Amino acid sequence: MKNKYNGIYIALMTPFDEKENINEKVLEAYIKYLLKFDIQGFYVGGSTAEALMMQDEERKNLFKLVKKYTTKDIKLIAHVGSLSTKSAIDMGLYAKELGYDAISAIVPFYYGLSQDEILSYYFDIVSAVKHDMIIYNFSPSGNSPFTLQTFKKLFENEHIVGIKHTSQNLFALNQIKSLGNISIFNGYDELMLAGLSMGATGGIGSTYNIMPQKYIDLYSAFNSGDMEKAKAIQDEICEIITTLIECGVLPSEKYLVSKNGFDMGDCKKPFAKLTADNKKILDKLYEEKLS
Ligand code: MN9
């Protein structure tokens, strides 16, 4: 049974102190708070965690801490994607040993890889780690690094059980769905309802950190066929995300979570700090729509 990861997974943020080290106390308190919501899992060490700006040892430490603080029976997916296959395998083995349910990996995004090279990256990881793998389909350039034929080959592998589809191409999501009974996570939160309509079985998102209940409600409204409610929630979400994009998504999310009492600190360099003007805009957003 490949399709076993469904529902709402928060792409967990990493709180940092002034020296850009993981703030363990805040992480523990923040996880405790998020566990009060009816979510199915955490996606750990992804884009939202700023993991691509961390060293491997720090990424592994994050896996260890999140596992330790997650005291409820929810699923944990460790993102181990790296430019280096060896690093990805090393982090994957570590996450599996810690008891993570699955691993996930972005495609190596620096060199232009051929489809065969992309295939061998994923096959090398899963044949070494032998654990469930969720492909992370995201490309900042906007073009999918994968062809449909590549997806077909990937999903024939017994370990490759799902995809986090962070792409505006929802026709592609639907085509991927037709390849087999796999778990499909919608990746762009502003397209959550559209992604579900085209076949997503859940969602993984960064903006879930600032409004988890909205995604839980949207997902359940969709599943119970209450499209009007689902659409109304999606509209609210889109309005909020428009402001986040205007101010910078990750720094804004950290600022808003900090307003909820969890001091996330600043994003790692080279992310810029929020300007005073942006903070004013976000204060207003928080008061009007998020508190
Ligand atoms: O994890 C996130 N995508 C990336 C998913 O970080 C690349 C999304 O949650 C976006 O941040 C969000 C805003 O565009 O949809």
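Look above for the structure.
A short tour of the structure in this document, coming up. (Residues numbered from 1 in each chain as written. Predicted model: local features only at pLDDT ≥ 70, side-chain atom pairs only at ≥ 80, totals over all residues. Heavy atoms only, no water.)

1. Considering the sheet that holds strand β5 (residues 133-138)
Right, so step 1: Taken in spatial order, the eight strands line up as β1-β2-β3-β4-β5-β6-β7-β8 and close into a barrel, and their pairing is parallel. For this sheet, the mean inter-axis angle between neighbouring strands, taken without regard to orientation, is 25°.
Right, so step 2: Judged from the four bridges that link them, strand β4 (residues 102-106) and β5 form a sheet pairing that is parallel. Counted as the bridge partner of I106 is Y136 from β5.
Right, so step 3: The strands touched by helix α8 (residues 212-223) are β1 (7-11) and β8 (202-205); relative to β1, the strand with the most contacts, the crossing angle is about 160°. (Pairing = 2+ DSSP bridges. Helix = DSSP H or I, 4+ residues; strand = E, 2+ residues; numbered from the N terminus. Axes fitted to C-alpha atoms, helices over the stretch in contact; angles between N-to-C directions. Contact = heavy atoms within 4.5 Å.)

2. As for helix α6 (residues 170-177)
Right, so step 1: For α6, the set of buried residues is L170, A172, L173 and I176. Buried residues of α6 fall within an arc of 145° about the axis and therefore sit on the same side.
Right, so step 2: Where α6 is buried, its residues touch α5 (148-155), β6 (160-166), β7 (183-186) and α7 (192-197).
Right, so step 3: Backbone nitrogen of F171 and a side-chain oxygen of the N-cap are separated by 3.2 Å at the start of α6; the cap is N169. (Buried < 20%, exposed > 50% of the residue type's maximum accessible area, 1.4 Å probe, protein only. Arc of directions from axis to C-beta. Polar contact = N/O pair within 3.5 Å; in protein donor to acceptor, adjacent residues only side chain to side chain.)

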